[in-house]
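Okay, here's what each chain looks like letter by letter:
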Amino acid sequence: GDSVTQMEGPVTLSEEAFLTINCTYTATGYPSLFWYVQYPGEGLQLLLKATKADDKGSNKGFEATYRKETTSFHLEKGSVQVSDSAVYFCALTRFNAGGTSYGKLTFGQGTILTVHP
Amino acid sequence: ETGVTQSPTHLIKTRGQQVTLRCSSQSGHNTVSWYQQALGQGPQFIFQYYREEENGRGNFPPRFSGLQFPNYSSELNVNALELDDSALYLCASSLGGRGQETQYFGPGTRLLVL
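Keep in mind that what you see is a predicted model, and the values were worked out from it rather than measured. Counting restarts for each chain, with residues numbered from 1 along the sequence as it is written. A letter from A marks each chain and a number from 1 marks each ligand, given out in the order of writing. Local features in a predicted model are, by the rule used here, given only for residues with pLDDT of at least 70; side-chain atom pairs are given and counted only at 80 or more, and totals for whole chains, interfaces and linings are based on all residues. Side-chain descriptors were evaluated using all non-hydrogen atoms of the structure, hydrogens and water having been removed beforehand.

### Topic: the nonpolar core
Going by this rule: We define the nonpolar core as a collection of buried residues of types Ala, Val, Leu, Ile, Met, Phe, Trp, Tyr and Cys that are connected through side-chain atoms lying within 4.5 Å of one another. Residue exposure (1.4 Å probe, protein chains only): buried if accessible area is under 20% of the type maximum, exposed if over 50%, otherwise partly exposed. Only DSSP runs of H or I covering at least 4 residues are called helices, and only runs of E covering at least 2 are called strands; the numbering of each starts at the N terminus. The contact definition used throughout considers only heavy atoms, calling two residues in contact when any of these lie within 4.5 Å.
Of all hydrophobic cores here, the largest spans 25 residues; its most connected members are Leu19(A), Trp35(A), Leu48(A), Phe73(A), Leu75(A) and Tyr88(A). Only strand E2 (11-14), strand E3 (19-21), strand E4 (23-26), strand E5 (30-38), strand E6 (44-50), strand E8 (62-65), strand E10 (86-95) and strand E12 (111-116) of chain A provide two or more residues apiece to this core. With four residues, E10(A) is the largest single contributor of residues to this core. Apart from the residues within four sequence positions on either side, Phe73(A) is in contact with Cys23(A), Leu33(A), Phe34(A), Trp35(A), Leu48(A), Lys49(A), Ala50(A), Ala64(A), Thr65(A), Tyr66(A) and Cys90(A). Within the second largest apolar cluster, 19 residues are counted, among which are Val19(B), Phe64(B), Leu76(B) and Val78(B).

Put into structure tokens, the structure is as follows:
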């Protein structure tokens, strides 16, 4: 079945450091890939997405590129801020050849990011 | 545009009881998905409703059931609660059918089973 694997956390960085959170996936068909962020005590917010190979999703300084050859979708940000402290989830949803979604999002286990001033 | 809302925000139940959680989808969305997020883990897909019909189900027992109403709001019902049902329950809405489906999440209902 489908699966998403994220790098082990937690990740602790100083403000303005470079961030990478690794994400790899296993899926048949044509998955779309997502990064969601969860701030303490809140639900999930969509951060960015990519729907086909070589697409780059970007938002709020975060970027991730859909790499089909390495089945990866690593999240990067050039300069993190204290306000980026949260839990980050990589996820996929799979579509069949006709473009119909199978409905569910499959999530990784999440990576806790803490940014210190 | 109104986002996804869920009620209640918190709930405490005892083992064996039944619970109903509610979700109002984002304006214009006709699909609702439910997820269970245990502490420290990623969300797990429970089921999805598209135009009032179940459109996929995850690996959850039948005591987890749902409904979608004509206005596309939804309920999640859990019977015979077990301690392991303690979790954050997330609802997500999307515009279903063919094509890309980005799911937008509500704030969740935190359920504690004692």
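### Looking at the pairing of E6(A)
Residues and elements named next belong to chain A. Note the cut-off: The pairing criterion is simple: DSSP has to find at least two bridges between the two strands.
Where E5 meets E6, six bridges bridge the pair, whose relative direction is antiparallel. Residue pairing in the sheet places Leu 33 in a bridge with Ala 50 of E6. Where E5 hands over to E6, the hairpin turn is made up of five residues, of which Gly 41 adopts a positive phi near 75°.

### Some thoughts on the pattern of salt bridges
Which entries qualify depends on this criterion: A pairing counts as a salt bridge when a side-chain nitrogen of Lys or Arg comes within 4 Å of a carboxyl oxygen of Asp or Glu.
Enumeration over the complete set of coordinates arrives at seven salt bridges over all chains. Where Asp84(A) meets Lys77(A), a salt bridge forms, and the shortest distance between an N and an O atom there is 2.8 Å. Looking at Asp84(A), the relative accessible area reads 7%, which means it is buried. The partner of Asp85(B) in a salt bridge is Arg63(B), and the shortest N-O contact between them spans 2.8 Å. Residue Asp85(B) is found in the loop between strand E8 (74-78) and strand E9 (87-94), and its partner Arg63(B) is found in the loop between strand E6 (53-57) and strand E7 (64-68); the two are separated by 22 residues along the sequence. The exposure class assigned to Asp85(B) is buried, which follows from its relative accessible area of 3%.

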